[in-house]
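Below, each chain spelled out in residue letters.
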Amino acid sequence: MHWGTALEDGGAAGLVRPYFRTHGRTRPTRDLPVETLVSTTARGRAITRGSSQEESEICVLCRTSQSVAEVAARRRIPLGVARVLLSDLADRGLVAVHTAKMGVGNRPSVDLMKRILHGLSRL
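Attention in this report is confined to the structure presented alongside it. The structure displayed is predicted, hence computed values, not measured ones. (Residues numbered from 1 in each chain as written. Predicted model: local features only at pLDDT ≥ 70, side-chain atom pairs only at ≥ 80, totals over all residues. Heavy atoms only, no water.)

Structural notes on the sheet that holds strand 1 (residues 37-40)
Now for step 1: Spatially, three strands are ordered 2-1-3 in an open sheet, and the strand pairing comes out antiparallel. The outermost strands of the open sheet, each flanked by one partner alone, are strand 2 (66-67) and strand 3 (95-98).
Now for step 2: Here four bridges tie strand 1 to strand 3, and the two strands are oriented antiparallel to one another. Among the inter-strand pairings, S39 is bridged to a residue of strand 3, identified as A96. (Pairing = 2+ DSSP bridges. Helix = DSSP H or I, 4+ residues; strand = E, 2+ residues; numbered from the N terminus.)

Structure, rendered in structure tokens:
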């Protein structure tokens, strides 16, 4: 097998890309459940350099609040990769992480569940 062919055909690309996108890291610095909402900060809207194209595109996407799951789905990246990238962006102040309000019994609120359902139906 010629490596160039495998990468061009997508054969080995799936194994390499997630690792490459996160600079070899597999764990985010923050706890980001799939329902966590993320939005671009003023600093993230002014992003010009020092970020990858993927990070810039995530900042553009999150100009309207997105859940971690929505970012992964819309960017077509594995959930773990989305968590690492979003965590990095949050650490740099480019996105804000909005924690969910809990309802009764430490469960997500009905409002949060409605927003998640609406977001998933848009996908």
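Observations regarding helix 5 (residues 68-75)
Now for step 1: Listed as buried for helix 5 are V68, E70, V71 and A72.
Now for step 2: In the segment just after helix 5, R76 is the residue with positive phi, at about 55°. (Buried < 20%, exposed > 50% of the residue type's maximum accessible area, 1.4 Å probe, protein only.)

Observations concerning the nonpolar core
Now for step 1: In this structure, V38, I58, L86, L89 and V95 are the most contacted members of the largest nonpolar core, which totals 17 residues.
Now for step 2: Discounting residues that sit within four places of it in the chain, V38 has contacts with C62, T64, S65, Q66, V68, L86, V95, A96 and H98. (Core = buried A, V, L, I, M, F, W, Y, C linked by side-chain atoms within 4.5 Å. Contact = heavy atoms within 4.5 Å.)

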